[in-house]
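Each chain is listed here by its residues.
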Amino acid sequence: MAGLKTILFIEDDRLISELYARALSKAGYSVKQVVTGPNGLKEAKTGKYDLILLDIMIPDITGMDVLKELRGKDGSGMPNTKIVITTNLSQDDDSRAALEAQADGYLVKADITPKKLVAIVKQIEESGNFKQPAKEKII
Amino acid sequence: MISLESYKSQTTSISVVSHLVTAVSTSIIWYATAYIFDTPKELALVMGLAIGSLIGILFALTLRQVITKPVEILVQAIMHASKEHLDINPPDPSKGLYGKKFLTQAVITINDIQSVEDKSHKQLKREHDYMETLLNAAPMPILVLGHEQNIRYFNQTAKNLMSDKIEKKIDQKFGDMFNLAFSEDHTFSDWISKVQQVGLNETETWDRVKLTLPDNTVKMFDMVATYRKDDLNGIELLVMLFDHDKLYMQEADEVSFVSLAAHELRGPITVLRGYIEVFEDELGPKLDAEQKDFMKKMDISAAQLVTFVNNILNASQLDNEQLKIHMAKEDWTTTLREIVDDFKLRAEVRNRKLSLDLPANLPLVAVDKIGIYEVLGNLIDNAIKYSHDGGLVQINSVVKGNEVETTVTDHGIGINRAVVSKLFQKFYRSHRSRESVGGTGLGLYLAKAVVEAHGGQIWVRSKEGEGTTFGFTLPTYDSVADKIDANENMEITRGAHGWIKNHSFYRR
């Protein structure tokens, strides 16, 4: 996906979002941080973003619901935007499968240092897909 | 006692006597009329017969009281007792003129027989009601199934459980009515087919059976079934369910608690790791060698925190039979290289060396990458701990038939024989290791569960003072390819205790 420039980060833990946003900005991406679900959804729908990093545990609306809203019932919504789920939860199987079906990736934050995140984003930018590394849960 | 004999002799005597009297009186009257009163012979004959007949009729009417009336009374008593003709009143034996004693006794006997029958009938009904109440009061669903697993009997609890749907279709199949999923390889249907062929009297239990109710809620049960071949009373297959919902749900809650705790812990860990990395990168050039070393130590400590949190979480899931792995097609060489790369820093900081030695054509394997990362991580951590300063930890892998065997070898202090047998137990840490190294005692316990969930095996060989080798096997992708769902991008899933699940259908 050439020309991945803009990233939307929906994450309620500011310490984490600042950590990642700083690394991504330094790598040349334009990053917007949003703290709540509803605002995140609103911002996402503007269609301005090439990649959305979506935290599953956010206030007011679950990440799952945001995903469903953006992808729509048939999963074809916003085809030009990649959505990667971020979490520190250990998901039960059904949720994980549901997430993986509609998202383009799934990351456990505790496993992803800023450098790794930048590497992953670069990978998405270059190939549009990525192979699952041993540690991260990415499809 | 019915004085039947005396009744018989008496009625016979009366009969005979009345006939004789009739005959004699007819003769006397004829004679008297003909010879004493000098009437013509024909008239005398007629008179004799007429009066004789009258006397005879009078006797006959009396005999009616003696013979037919008792019969009438007995018949009435019987018909009353049989309860078929409820409009017939019980007879009053005192109305019978003759044989009152005998008749009263006969009527009483008939009533006695009837009341005994009544009593036993009532008793049977009481017993039946007792049994029925007992079965319905049992707080567990009880069902009897026929040869084709059609439902022949269900108690009240079963009916309540299925919200009365069970009644709507007569003779429904058990499998259609009860949407059950089993947490073991061996399902109810498997057992029935086996037992109907070779069994006589067999009982089987299943734990943690998942029942999906008509309204789509889920309850967890333990299930027991008894097969009784050719049972005379038709109870061929008896099924009972024990509601363990609270217990299993509580276990699920416990896992949720641990999950949430892990989530909470991971937040700060993410931040720590992240900024440690930032400092290493950005401050690195300004740090002296000692300070750089400190950064490395912080880095691996944070990484180890992640490992520990993962271990705790996995152990909790494992205990509650909720640990699942997702096996996918992977190139083992690439996977091993990535994992070992990750651990190189950890080894370096502790002044150990990691070496990876692989043959040229390792096959594709069916493996859960994350799970196996944790297994290797635990084995490598162990090897690092038990080896000497500056020691080498060797990782090798080789094909053995349908499996790929991977070993982690150190040349360190080795493990005592007595200890080796306990190594894979939960929380086990030998006294020696406790002195010199840290660890939660969960690593090997989990490694064993994950490897076995893959269908592989894990083992250890050690010699005190010389070193230890841990080894585990994984299936080649080809050997399990047939189990893989053709639609879903080559993924099979298997729980630590054998749930096989495709598209979130549990095995039935």
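Position numbers for residues start from 1 in each chain and track the written sequence from start to end. Each chain takes a letter, starting from A, and each ligand takes a number, starting from 1, following the order in which they are written. It should be noted that, the model being predicted, local features are given only for residues of pLDDT at least 70 and side-chain atom pairs only at 80 or more, the latter also being counted only at that level, while totals for whole chains, interfaces and linings use all residues. To get the side-chain values, all heavy atoms of the structure are used, and hydrogens and water are removed first.

This part is about the pattern of salt bridges. Residue and element names in this part refer to chain A. By definition, a salt bridge exists where a carboxyl oxygen of Asp or Glu is found within 4 Å of a side-chain nitrogen of Lys or Arg. Counted under the stated rule, the structure contains 20 salt bridges over all chains. Across the pair D55 and K109 runs a salt bridge whose closest N-O atoms are separated by 3.2 Å. Of this pair, D55 sits in strand β3 (residues 51–55) while K109 sits in the loop between β5 (105–108) and α5 (114–127), placing them 54 residues apart in sequence. With respect to burial, D55 and K109 carry one shared label: buried. In this structure, a network of salt bridges that share partners links the residues E11, D55 and K109. In this text, helices come from DSSP runs of H or I with a minimum length of four residues, and strands from runs of E with a minimum of two, each type numbered from the N-terminal end. Burial classes follow relative accessibility: with a 1.4 Å probe on protein chains only, a residue under 20% of its type's maximum area counts as buried, one over 50% as exposed, and anything between as partly exposed.

Because an α-helix completes one turn every 3.6 residues, residues spaced three or four positions apart along the sequence face the same direction. In this scheme, a helix's expected span is set at 1.5 Å multiplied by one less than its residue total. When the terminal C-alpha atoms of helix α2 (residues 41–81) of chain B are compared, their 58 Å separation across 41 residues agrees well with the 60 Å that a helix rising 1.5 Å per residue should span. Those residues of α2 of chain B lying buried are A44, G48, G52, G56, L63, Q65, V66, K69, P70, I73, A77 and A81 of chain B.

Attention now goes to the side chain of T333 of chain B. Of note, T333 of chain B is situated in helix α10 (residues 332–349). For T333 of chain B, a relative accessible area of 12% puts it in the buried group.

Here we come to a nonpolar patch on the surface. Residues form patches when they are more than 30% accessible in relative terms and have no salt bridge. Like charges link within 9 Å. Nonpolar side chains (Val, Leu, Ile, Met, Phe, Trp, Tyr) link within 5 Å. Surface accessibility follows the Shrake-Rupley procedure with a 1.4 Å probe radius. Residue values consider only the protein chains on display as shielding. On the surface, a nonpolar cluster with roughly 520 Å² of combined accessible area is contributed by Y31, Y35, I36 and F37 of chain B. With respect to the helices and strands, the residue Y31 of chain B is situated in helix α1 (residues 4–36).

Turning our attention to the pairing of strand β11 (residues 403–410) of chain B. The two faces of a sheet get side chains in turn, since along a regular strand they alternate between them. Residues and elements named next belong to chain B. Most of β11 is tucked away: 7 of the 8 residues are buried. Examined bridge by bridge, strand β10 (residues 392–400) and β11 share 8 bridges and lie antiparallel to one another. From the neighbouring strand, V398 faces β11, where its bridge partner is E405. Hairpin connection of β10 to β11: 2 residues between the antiparallel strands, including G401 at a positive phi of 65 degrees. In this analysis, strands are considered paired if DSSP registers two or more bridges between them.

All names here are of chain A. The parallel open sheet is built from 5 strands, whose spatial order is β2-β1-β3-β4-β5. The sheet terminates laterally at β2 (30–34) and β5, the two strands that pair on one side only. For this sheet the average axis-to-axis angle between neighbouring strands, irrespective of direction, equals 20 degrees. The sheet contact formed by strand β1 (residues 6–10) and β2 spans 5 bridges and is parallel. Bridged to F9 within β2 is Q33. Angles here are taken between N-to-C directions and fall from 0 to 180 degrees, while the axes themselves are lines fitted to C-alpha atoms, restricted in helices to the stretch in contact.

Residues and elements named next belong to chain B. pLDDT measures how confident the predictor is about each residue, on a scale from 0 to 100. In the predicted model, chain B carries a mean pLDDT of 80, and the fraction of residues at 70 or more is 85%. pLDDT under 50 marks residues 433–438. Its contacts with residues more than four places away, or in other chains, come to 6 contacts. Below a pLDDT of 50 lies the segment residues 486–508, which in the model reaches 70 contacts outside its immediate sequence neighbourhood of four places, other chains included. Scoring the predicted complex yields pTM 0.54 and, for the interface, ipTM 0.84. Note on contacts: a residue pair is in contact if any heavy atoms of the two residues lie within 4.5 Å.

Residues and elements named next belong to chain B. If you walk across this open sheet you meet the 6 strands as β2-β1-β6-β5-β4-β3, and the pairing is antiparallel. Of all strands in the sheet, those bounded by a partner on one side alone are β2 (151–154) and β3 (179–181). Between one strand axis and the next, the sheet turns through 35 degrees on average, direction left out of account. For strand β4 (residues 201–212) and strand β5 (residues 218–228), the ladder comprises 10 bridges, and the chain directions are antiparallel. In the sheet register, T203 faces β5, and the bridge partner there is T226.

Let us now look at the confidence of the model for chain A. Residues and elements named next belong to chain A. Residue-level pLDDT values for chain A average 80, and 81% of them are 70 or greater. Taken element by element, chain A is modelled with least confidence in helix α4 (residues 93–102), mean pLDDT 66, and with most confidence in β2, mean pLDDT 94. Confidence drops under pLDDT 50 across residues 130–139; counting only partners more than four residues distant or on other chains, this segment forms 45 contacts.

Residue and element names in this part refer to chain B. Helix α11 (residues 369–386) packs onto α10 with a crossing angle of 40 degrees between their chain directions and a minimal axis gap of 10 Å. Considering the angle they form, α10 stands oblique to α11. Between α10 and α11 lies a crossing of right-handed hand. Every residue of α11 that contacts α10 at W332, T335, L336, E338, I339, D342, F343, R346 and A347 is listed here: K369, I372, Y373, L376, G377, I380, D381 and I384. Any angle from 65 to 115 degrees is called roughly perpendicular, while one under 35 is roughly parallel, one over 145 is roughly antiparallel, and all others are oblique. Note on convention: near helix rotated counterclockwise from far helix by under a right angle means a left-handed crossing. Clockwise means right-handed.

Turning next to the pairing of strand β13 (residues 467–475) of chain B. Residues and elements named next belong to chain B. Burial within β13 is extensive, with 9 of its 9 residues counted as buried. Here β13 shows two buried faces, one formed by G467, T469, G471, T473 and P475 and the other by T468, F470, F472 and L474. Inspection of the sheet shows β11 paired to β13 by 8 bridges, in the antiparallel sense. Across the sheet, residue E403 finds its bridge partner in β13, namely P475. Pairing between strand β12 (residues 458–463) and β13: 6 bridges, direction antiparallel. Bridge pairing links V460 to F470 in β13.

Another point: the environment of L67 of chain A. Following the sequence through the fold, L67 of chain A ends up in helix α3 (residues 63–71). Separated by 18 residues in sequence, L67 of chain A and I85 of chain A place their C-alpha atoms 8.8 Å apart.

All names here are of chain B. Contact geometry for helix α9 (residues 289–319) and helix α14 (residues 443–453): axes closest at 10 Å, N-to-C directions at 55 degrees. Relative to α14, the element α9 lies oblique. Remark: the crossing between α9 and α14 carries left-handed chirality. For the pair formed by α9 and α14, the contact residues are N311, N314, A315, L318 and D319 on the first element and G443, Y445, L446 and A449 on the second. Only Asp, Glu, Lys and Arg are considered charged, only Ala, Val, Leu, Ile, Met, Phe, Trp, Tyr, Cys and Pro nonpolar, and every remaining residue, Gly among them, polar. Counted by class, the contact of α9 with α14 contains 5 nonpolar, 3 polar and 1 charged residues.

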